[in-house]
Amino acid sequence: MVLTVESRRVLAVCVVTVFIGLCDRVQISVAIIHMAQELHWSLSEQGAVLAAFFYGYTLTQVWGASLGANYGPRRVLAAAMFAWSFLTILTPCMARWSFTLAIASRVLLGVFEGVTFPCIFAIISPLVSEADRGGVVAWINVGHCLGTVTAFFLCPILSANYGWPSSFYLFGLLGVGVAATWAEISRRPYLAASKDKPEDNLPRLGGGYDSMNSSISNAVSKRPIAAMVAMLREPAVAAICFSHFCNNYGSFTVLSWLPTIMSERFSVEGTDLSMACLPYIAAMFGALFGGHLSDRFVAAGMIICVLGSTRYARECLQRDPACPCGQCRFCGARSAYSCCSYKPQPNSNFGSFLTKPLA
């Protein structure tokens, strides 16, 4: 995959954004052990705090994509990152003030972080050719896993030496810096112009660019409900949603509760809690392996899985081969998401509604 200098910079900032977002999201899984001791929270109250993030996060998934489409994904992402970074910095004060404010801070953090992936995929999708999407998504997933690894590794060390609020201050300040970078990037002409005609102004990743014809954006803007219904009828979209649901059910449970289980059940304390990062180190390699493998499959024209009348490699890896029930976990899950670069087909409902035939 050949990248221009500017394209590498944009992709690098996307990866760092995901990295910071996961650090801000995950650090409380470690910090809550010390917070519960100081603030006298029961296990049910700890669960409420850990779950609060996901209520806000769910709310802004579709809404975030709509905001990005209307106001530009870079501007929306910059504003959201500023907001969630300041919330991260304020979280220790809010938690110490009252339990209700602790819940509110996590819900609002989820609301602002919910726009991250919709905006990032809107940023990178016009820049990357069809043949290179798996590799690019793989690096986004690496940022996801690396943020989890860093939070699980550093937070116990920071808490043991400087107190549990220190990780919130560190990652919050880093987030403000990255948000300032997005604010600067959004002013660049070649990026600002991408909202209207990305193919004319944006640097291109890989060897080419598969531009969407104007009928696609017109169809979506004029008939958004019909476009959504047609998309949801696609078997491949349903498979991706089901796989994602199964993965999140397991992985977010582990993500939220693993440090607490290690502490309560196995009496692991202090810096030894850093061992919680080990599963996500494996996940990073799975993300890279799956993404680049899918690109190789597509480039080689391998026929693996049926979708409409054409078979594509990436849908084959939606499920982890080691998990017959489709519940992808850790390494397998990251491989699967790196490979799920879905492209609708001309004879399918969503494909005929939104896409031109493939060459």
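Residues numbered from 1 in each chain as written. Predicted model: local features only at pLDDT ≥ 70, side-chain atom pairs only at ≥ 80, totals over all residues. Heavy atoms only, no water.

> Help me understand the overall build of the protein, please; the structure alone is not making it clear to me.
Looking only at helices and strands, one finds 16 helices and 2 strands in the protein. Evaluated residue by residue, the protein yields a buried proportion of 51% over its 359 residues. Sequence-distant contacts, at least 24 apart, represent 79% of the contacts inside the protein between residues at least 6 apart. (Helix = DSSP H or I, 4+ residues; strand = E, 2+ residues; numbered from the N terminus. Buried < 20%, exposed > 50% of the residue type's maximum accessible area, 1.4 Å probe, protein only. Contact = heavy atoms within 4.5 Å.)

> Looking at this structure, I do not really get the pattern of salt bridges. What am I missing?
Side chains bearing opposite charge may pair, as long as their charged atoms lie close to each other. Under the defined criterion, the tally for this structure stands at 2 salt bridges. Glu-113 is paired through a salt bridge with Arg-25; the nearest N and O atoms lie 3.8 Å apart. Of this pair, Glu-113 sits in helix α4 (residues 99-113) while Arg-25 sits in helix α1 (residues 5-39), placing them 88 residues apart in sequence. According to the relative accessible area criterion, Arg-25 is buried, its value standing at 5%. Ionic pairing is found between Arg-96 and Glu-38, a salt bridge with its closest N-O pair at 2.9 Å. (Salt bridge = Lys/Arg side-chain N within 4 Å of Asp/Glu carboxyl O.)

> Help me understand unusual backbone geometry in this model?
A negative phi holds for most residues other than glycine; trans holds for most peptide bonds. The phi torsion at His-40 lies on the positive side, around 60 degrees, for a residue other than glycine. Mapped onto the elements of the fold, His-40 is located in the loop between α1 and α2 (43-71). The residue Ser-267 is not glycine, and still its phi comes out positive at about 55 degrees. Mapped onto the secondary structure, Ser-267 falls in the loop between α12 (235-266) and α13 (278-300).

> Would you take a moment to explain the nonpolar core for this structure?
Side chains that are nonpolar tend, in soluble globular proteins, to be buried together. Residues Cys-14, Met-81, Ile-123, Ile-140, Phe-152 and Trp-182 are the most contacted members of the largest nonpolar core, which totals 55 residues. Looking at which element gives the most residues to this core, the answer is α1, with 13 residues. Core analysis: the second largest hydrophobic core is formed by 12 residues, Ile-32, Ala-36, Val-49 and Trp-164 among them. (Core = buried A, V, L, I, M, F, W, Y, C linked by side-chain atoms within 4.5 Å.)

> Help me understand the layout of surface pockets, please; the structure alone is not making it clear to me.
Empty space left among the atoms is revealed by rolling a probe the size of a water molecule over them. Of the pockets and cavities examined, the second largest pocket occupies roughly 160 Å³. Contributing to the lining of the second largest pocket are Thr-60, Trp-63, Leu-67, Tyr-71, Arg-75, Val-76, Ala-79, Ala-80, Val-111, Phe-112 and Val-115. Contributions of two or more residues to the lining of the second largest pocket are made by α2, α3 (73-97) and α4. Tallied by class, residues from the lining of the second largest pocket come to 9 nonpolar, 1 polar and 1 charged. (1 Å grid on protein atoms, 1.4 Å probe; cavity = no way out; pocket = protein on both sides within 12 Å on 5 of 7 lines; lining within 4 Å. Points joined across faces, edges and corners; volume = space filled by probe spheres on them. Nonpolar A, V, L, I, M, F, W, Y, C, P; charged D, E, K, R; others polar.)

> Is there a simple way to explain helix α6 (residues 133-162) in this structure?
Note that an α-helix has 3.6 residues per turn; residues three or four places apart therefore point the same way. Given a rise of 1.5 Å per residue, 30 residues ought to cover 44 Å, and the 41 Å separating the end C-alpha atoms of α6 matches this to within 8%. At Leu-154, α6 is bent by approximately 30 degrees, the largest bend along its length, and proline Pro-156 sits one to four residues beyond. Counting buried positions over the 30 residues of α6 gives 21, a clear majority of the element. Where α6 ends, the next residue or the one after it, Gly-163, has phi of about 95 degrees, a positive value. (Expected span 1.5 Å × (residues − 1). Bend = angle between axes of the 7 residues up to and from the residue.)

> Which parts of the structure should I look at to understand the packing of helix α5 (residues 116-124) against α6?
Axis angle and axis distance: for two packed helices, these are the angle between their axes and the distance between the axes, and together they describe the pair. Between α5 and α6, the least distance of the axes is 11 Å, while the angle of their chain directions is 150 degrees. If you check the angle between α5 and α6, you find them roughly antiparallel. Considering how the two elements wind past one another, α5 and α6 form a crossing that is right-handed. Seen from α5, the contacting residues are Phe-117, Ile-120, Phe-121 and Ile-124; seen from α6, they are Val-136, Val-137, Ile-140 and His-144. Grouping the amino acids of the contact of α5 with α6 by side-chain chemistry returns 7 nonpolar, 1 polar and no charged. (Axes fitted to C-alpha atoms, helices over the stretch in contact; angles between N-to-C directions. Parallel < 35°, antiparallel > 145°, perpendicular 65-115°, else oblique. Left-handed = near helix turned anticlockwise from the far one by under 90°.)

> Where do I start with the environment of Ala-65 in this structure?
Relative to the elements of secondary structure, Ala-65 occurs in helix α2. Ala-65 sits in the partly exposed class, given a relative accessible area of 40%. Residues Ala-65 and Gly-114 lie 49 residues apart in sequence; the distance between their C-alpha atoms is 9.4 Å.

> Would you take a moment to explain the packing of aromatic side chains for this structure?
By convention here, two paired aromatic rings are described through the distance between centres and the angle between planes. According to the stated counting rule, one finds 8 aromatic pairs in the structure shown. Seen from their ring centres, Trp-164 and Phe-168 are 6.0 Å apart, and the 85 degrees between their planes marks the pair as edge-to-face. Note on Trp-164: relative accessible area 5%, which makes it buried. Connected via pairs of aromatic rings, a cluster forms that spans Phe-53, Phe-54, Tyr-57 and Phe-252. Across the ring face of Tyr-57, the terminal group of Arg-25 is positioned such that the distance to the ring centre comes to 4.6 Å. The ring of Phe-266 is capped by Arg-265, whose NZ or CZ atom sits 5.4 Å from the centre of that ring. (Phe/Tyr/Trp six-rings, centres within 6.5 Å; stacked < 30°, edge-to-face > 60°. Lys NZ or Arg CZ within 6 Å of the ring centre and 35° of its normal.)

> Could you clarify how one ought to interpret the confidence of the model for the protein in this entry?
Atom-level detail of predicted coordinates should not be read off regions where pLDDT is low. Residues with a pLDDT of 70 or more make up 72% of the protein, whose mean pLDDT is 75. Looking across the protein, the model is least confident in strand β2 (residues 310-312), with a mean pLDDT of 36, and most confident in α4, with 96. Low pLDDT, under 50, characterises residues 190-217; the stretch is placed with 61 contacts to residues that sit more than four places away or in other chains. In the predicted structure, residues 303-359 sits below a pLDDT of 50 and forms 149 contacts with residues beyond four places in sequence or in another chain. (pLDDT = per-residue confidence, 0-100.)

> Is there a simple way to explain a nonpolar patch on the surface in this structure?
Taken together, the side chains of Val-62, Met-228 and Leu-232 present a nonpolar region at the surface, about 280 Å² in accessible area. Mapped onto the secondary structure, Met-228 falls in helix α11 (residues 224-232). (Patch = residues over 30% accessible without salt bridge, like charges linked within 9 Å, V, L, I, M, F, W, Y side chains within 5 Å. Areas by Shrake-Rupley, 256 points an atom, 1.4 Å probe, with all protein chains shown as cover.)

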